[in-house]
Structure formats: C-alpha cells, structure tokens
Amino acid sequence: MADITLPQLGETVTEGTITRWFKKVGDAVAADEPLFEVSTDKVDTEVPSPISGTLTEIRVKEGDTVAVGTVIAVVGAANAALAATAPPAAPVVAHAATAPPAATASQSAPPAPPAPVVAATASQSAPPVPVVAASVATAARAPMPTSTSNKLLSPVVRRLVADHGIDVNSLVGTGPGGRITREDVLDFIDKNGSAPKVMPANKPLESVVQVPSAPALAATAAQSAPTAAVAPPAKFTQSSERETVTPLSKIRKLTGAHMIMSQKVSPHAFSVVEVDYANVDATRNAVKDQWKQSEGFTLTYLPFIARAIVDALAEFPNLNASIEGDNLIVHNYVDLGVAVDLQFQGLLVPVVRSADSKRLRAIAREIFDLATRARSRKLTPDEIQGGTFTISNNGSAGSVLTMPIINQPQVAILSTDAIVRKPVVAQLSDGSESIAIHPVGNLAMSWDHRAFDGAYAAGFLAKIKQVLETQDWSAEI
C-alpha cells in the first residue's frame, strides 16, 4: 500500500489542480503508466504512477486544487481490497447542521429557522428557502461565479477568466478532453477583449469554489436578507486616465519570494568576461543553412555557450555544486538549467539532463525541444526541477549586461547577453595586430561567495572564453 502525493512541479509551484484521472478505483496500475493529469501556473502534465498495483482510493476529485505533497490517491497490491468511499459532501453538511437543533432550542434566544434550508440542502421534504438554498454539490462544482459551467479550470485559467470577467461558457477548450487552456483564454481576450468583473463583495474567486461549511450555511440561513451587494473586488485591474493598477500574479509573487530568499541566503558576487564569437561564427555561418534544413530550427549561439560551460565545469567543479547547510555538495554530473521566458508572464527553467555526456548537436536539440514545450506548457515535472548550474539567456532579448539572481540551492548562474558586431583588436596570421569587426558579447555570472572566491570565478569564465574562441567547432557539428 503506497500513498500517491502531488509532486513538486517546479521550484516555486505550491499547488496544482487535478484535471483528469486516467484510472478509476479498482483499476490495475502499472509503474510509469499515466495515472492523472495536473495543471499548475507553469505546466500541464501527465503524472505516472511510481508503483504497480491496484488503485484502491482516490482522495482528490477532478477539478480540485491541492497543495504539493497532498496525498491524492492510494495504490495497493494487485487485487487489493478497495477503500470505502467517503460520504458525499451534501449529506455530511446536512448531518452537521441538523445535529444541534435541540441545543439551539434550549438557548434563551428565539429559535432561528435554519432547518428548512438544511433540509433543502440534503434534498429532504421541507420547502427550500429562496436564495440561500443552493445545493452544496452545485456550489462545489461551480468553478466561476459568472457561470454555472462545470468545466475544469487550472489555477492560471481561473485567474485569467476572473481577472477579465469572462463567462466560462463562452470559451471553447482545445486541451485534452476539451479542457480550457491558458492559450484558449488569451485567444478569446484578443478577439473579444475583457468585460467588467462583478462578484459578491468580499468573496474572492478562491472562496467561491469552496464547499461552504455547516456553520456557514446555518449562519447564512439565519439571516433573512438577500445576497450581499455586488462590487468589483480590489484584486482586479483598475484603470484611470493616469495609471493602471494590476495586482501581481501568483507566479510573479512566487518568483519574487524565491529571489528574495536567494539574496538573503547567498552572499552574491558578480563577474563578467567579454567573448569574441568570431571563431564560433566561422563554423556557425558555414553550416547554418544545412542545419536549419536538417534540424528544423536555427543554430544560435546558445548551444555553443552551453557546450563551453560544460567543458569549463570539468576544470572548475565547485561551480557545479549546491549548498546544504554548512556543506558544499559538488555534483559529479551536469544537469544544465536554461531559463525560458513565457511570453513575459514568467520563467521556467527546464533542465538538460547529463549535459556533460552530450555533444553540441545533442545539446542544441534538447534546448530547442525543452524551450518549445515550456512555452506550450508541455513539460513534465521532472524536466523543470533539479539542475546543477543555470543559464539565463537574456541576450536573445537584447540585454548588454545582466546580473542574474542565483537559482537556489545552486552556487552560480550565468547570463548570456547580446552579441553585437563591434571593432576589436585582432591578431593576424603573421603575429601582427589589426582592427577588425567581430561579433562580441558579455558573459555575466552571479556566484555565491561561500562556495569559492573571485579568482576561482574568474578562472571559470576565462575557460569558457577560451573554449568559445579557440575550439574547433566543426568537429562538434
């Protein structure tokens, strides 16, 4: 018997929405067979079962959002007895609310009339009370206050729908099983714009989709007033002629918290080296047309830089490390993280596993594949966690010099800044010097001063520079 928990789906991800179960209670499950699908702010992914056996219990329903580490199912031995099914929400609420009427009547205050409401909730014979008597099952299914749809929505989709006041029923899902994806919502916004969002006062979206507790139902029933007045909650975007106020998204807040933690934990230092990419261009320009035709994507500078980093880490292993407590853990493998921008909505850092065992072509293919799937939210949890060294590829956006923040618990992160053509002093074949126009760019690195000192960091950058400027790259193609 083994508990199945919601796995960590990224460095800053704290929760996920179960969007689909591929198995039902009683089904046989094979190890590594897809068991459920989960959606987070960063990825939509199928999660395989870690063991073989029989699915004996499902604790989290489709559409529910739970924290990382929550037990969501139980897999037992083959042909294991099935766990008893938990009673449905509505009878539980009815029982809890109907249990104390005698105690309530014994108090000196006049008896409140919650009984009809609770009876209606539990589908009993007493007449329902208007407005308050919505069934608990309906409340639990409703993902949006603006719609009675029971479509499954991930956290990021729920936020987009709420922030832009979109009726869920007007959206057409293109995801698995017709599920609405982030791209579906953005396409709808592009075509139709946003609508003013109106919700019950003091009722954020997250509270609307929760099943109300028995005391809450009783308290609501005891009040004879109709539903509360409606007003836009403060968390939605507010605009005026002079400014627009947009609350930070969850991914922005989580990223900020992770970076603040990193700066508090690590004594950051910063080193920069300038690299002449003429040697890289000699090979890159010679093969770029054939490469694009055979591989289907453009050969950029990034795979060359990644390959040079791997070579340099072999000589400066303390950069391929992490800090745990008072210990420096030097890794004997290179899992190279490459930051990918998600259309300015956040970052993912997919990982090229065992990059030290791959040559340039293999690294280029894997970086392209990971980046493409990151932008379409098709990565698996294992592909966006771990990592022993990280590259932040800001040069593709035109930056000249960037000081990145270390991705904890690693000890260094390197930024690849823009490569531009500029005059340089070039050495000619006869040993003389001349002014030439070469592609030149900075490699900037933030590093943890606990792990090593400036000379060690400078030596590492100098090694990367040497590999890029002198290696015979044609042998790597």
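Model, not experiment: these values are computed from the prediction.

A short note on the packing of helix H11 (residues 302-315) against helix H13 (residues 454-470)
Relative orientation of the contacting elements H11 and H13 amounts to 130 degrees, with a least axis distance of 8 Å. When the interaxial angle is binned, H11 and H13 end up oblique. Between H11 and H13 lies a crossing whose hand is right-handed. Here Phe-304, Ile-305, Ala-308, Ile-309, Asp-311, Ala-312, Leu-313 and Glu-315 of H11 lie close against H13, whose contacting residues are Tyr-456, Phe-460, Lys-463, Ile-464, Val-467 and Leu-468.

Describing the sheet that holds strand E8 (residues 71-76)
The four strands lie next to each other as E1-E8-E6-E3, forming an open sheet whose pairing is antiparallel. Of all strands in the sheet, those with a lone pairing partner are strand E1 (2-5) and strand E3 (28-29), marking the two edges.

Here's the deal with the side chain of Asn-320
With respect to the helices and strands, the residue Asn-320 is situated in the loop between H11 and strand E14 (321-324). One polar contact links the side chain of Asn-320 to the main-chain carbonyl oxygen of Tyr-333, over a distance of 2.6 Å. Other than its neighbours up to four places away in sequence, Asn-320 contacts Leu-313, Ile-329, Val-330, His-331, Tyr-333, Val-334, Thr-388 and Phe-389.

Section: the packing of helix H10 (residues 278-295) against helix H12 (residues 360-375)
Running from N to C, H10 and H12 point in directions that differ by 55 degrees, and their axes come no closer than 13 Å. Judged by the angle between their axes, H10 and H12 are oblique. The handedness of the crossing between H10 and H12 comes out as right-handed. Contacts between H10 and H12 involve Trp-291, Ser-294 and Glu-295 from the first element and Leu-360, Arg-361, Ala-364 and Arg-365 from the second. Across the contact of H10 with H12, the residue classes tally to three nonpolar, one polar and three charged.

Section: the side chain of Ser-271
Residue placement: Ser-271 occurs in strand E13 (residues 268-276). One polar contact links Ser-271 to Trp-447, side chain to side chain, over a distance of 2.9 Å.

Digging into the confidence of the model for the protein
Averaged over every residue, the pLDDT of the protein is 78; the share at 70 or more is 72%. Of the regions scoring below 50 in pLDDT, residues 84-150 engages in 73 contacts with residues more than four places distant in sequence or in other chains. This model gives residues 196-235 a pLDDT under 50, and the stretch forms 59 contacts once residues within four places in sequence are excluded.

Calculation rules
Residues numbered from 1 in each chain as written. Predicted model: local features only at pLDDT ≥ 70, side-chain atom pairs only at ≥ 80, totals over all residues. Heavy atoms only, no water. Axes fitted to C-alpha atoms, helices over the stretch in contact; angles between N-to-C directions. Helix = DSSP H or I, 4+ residues; strand = E, 2+ residues; numbered from the N terminus. Parallel < 35°, antiparallel > 145°, perpendicular 65-115°, else oblique. Left-handed = near helix turned anticlockwise from the far one by under 90°. Contact = heavy atoms within 4.5 Å. Pairing = 2+ DSSP bridges. Polar contact = N/O pair within 3.5 Å; in protein donor to acceptor, adjacent residues only side chain to side chain. Nonpolar A, V, L, I, M, F, W, Y, C, P; charged D, E, K, R; others polar. pLDDT = per-residue confidence, 0-100.

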